Amino acid sequence: MSDHEIHDAVEAFLDEADDAYGEYEQGYTDADATLRRLETAIEELRTATEE
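Peer 1: Looking at this structure, I do not really get the overall build of the protein chain. What am I missing?
Peer 2: Across its full length, the protein chain holds 2 helices and 0 strands. Referenced to the eigenvectors of the C-alpha coordinate spread, the extents of the protein chain come out at roughly 40 × 15 × 5 Å. Here the protein chain holds 51 residues, and the buried ones make up 18% of them. Total accessible area on the protein chain stands at roughly 3900 Å², and carbon and sulfur atoms take up 50% of it.

Shown next as structure tokens:
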């Protein structure tokens, strides 16, 4: 995986994490839903960086 691809994967993860935290802070989702969303984003990042 190139540095550019890793950068893109990290950027996508950070965007998703920011969105998840933002929705939680605004009261749109509960803690369990936010954690599930973050777990999915972490797994996607892990998969992307292992390629």
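Peer 1: For this particular structure, what's the right way to read a nonpolar patch on the surface?
Peer 2: A surface patch of nonpolar side chains, amounting to about 280 Å² of accessible area, comprises Met-1, Ile-6, Val-10 and Leu-14. Looking at the element boundaries, Leu-14 is found in helix α1 (residues 3-25).

Peer 1: Could you clarify how one ought to interpret the pattern of salt bridges in this entry?
Peer 2: Tallying each qualifying case throughout the model produces 3 salt bridges. For Arg-37, the salt bridge is made with Glu-23, and the minimal N-O distance between the two is 2.8 Å. Taken as a pair, Arg-37 in helix α2 (residues 31-50) and Glu-23 in helix α1 lie far apart in primary sequence, 14 residues in all. According to the relative accessible area criterion, Glu-23 is partly exposed, its value standing at 28%. A salt bridge links Glu-43 to Arg-46; the nearest nitrogen and oxygen atoms lie 3.4 Å apart. Of this pair, Glu-43 and Arg-46 are both found in helix α2, 3 residues apart, which corresponds to roughly one turn of the helix.

Peer 1: I'm lost on the packing of α1 against α2 in this one. Help?
Peer 2: Between two packed helices, both the angle of their axes relative to each other and the distance between the axes serve to describe the pair. Between α1 and α2, the shortest axis-to-axis distance is 10 Å and the interhelical angle comes to 180°. In terms of orientation, α1 lies roughly antiparallel with respect to α2. Of the residues in α2, those touching α1 at Ala-9, Val-10, Phe-13, Glu-16, Ala-17, Asp-19, Ala-20, Tyr-21, Glu-23 and Tyr-24 are Ala-31, Thr-34, Arg-37, Leu-38, Ala-41, Ile-42, Leu-45 and Ala-48.

Basis of the calculations
Residues numbered from 1 in each chain as written. Predicted model: local features only at pLDDT ≥ 70, side-chain atom pairs only at ≥ 80, totals over all residues. Heavy atoms only, no water. Helix = DSSP H or I, 4+ residues; strand = E, 2+ residues; numbered from the N terminus. Buried < 20%, exposed > 50% of the residue type's maximum accessible area, 1.4 Å probe, protein only. Areas by Shrake-Rupley, 256 points an atom, 1.4 Å probe, with all protein chains shown as cover. Patch = residues over 30% accessible without salt bridge, like charges linked within 9 Å, V, L, I, M, F, W, Y side chains within 5 Å. Salt bridge = Lys/Arg side-chain N within 4 Å of Asp/Glu carboxyl O. Axes fitted to C-alpha atoms, helices over the stretch in contact; angles between N-to-C directions. Parallel < 35°, antiparallel > 145°, perpendicular 65-115°, else oblique. Contact = heavy atoms within 4.5 Å.

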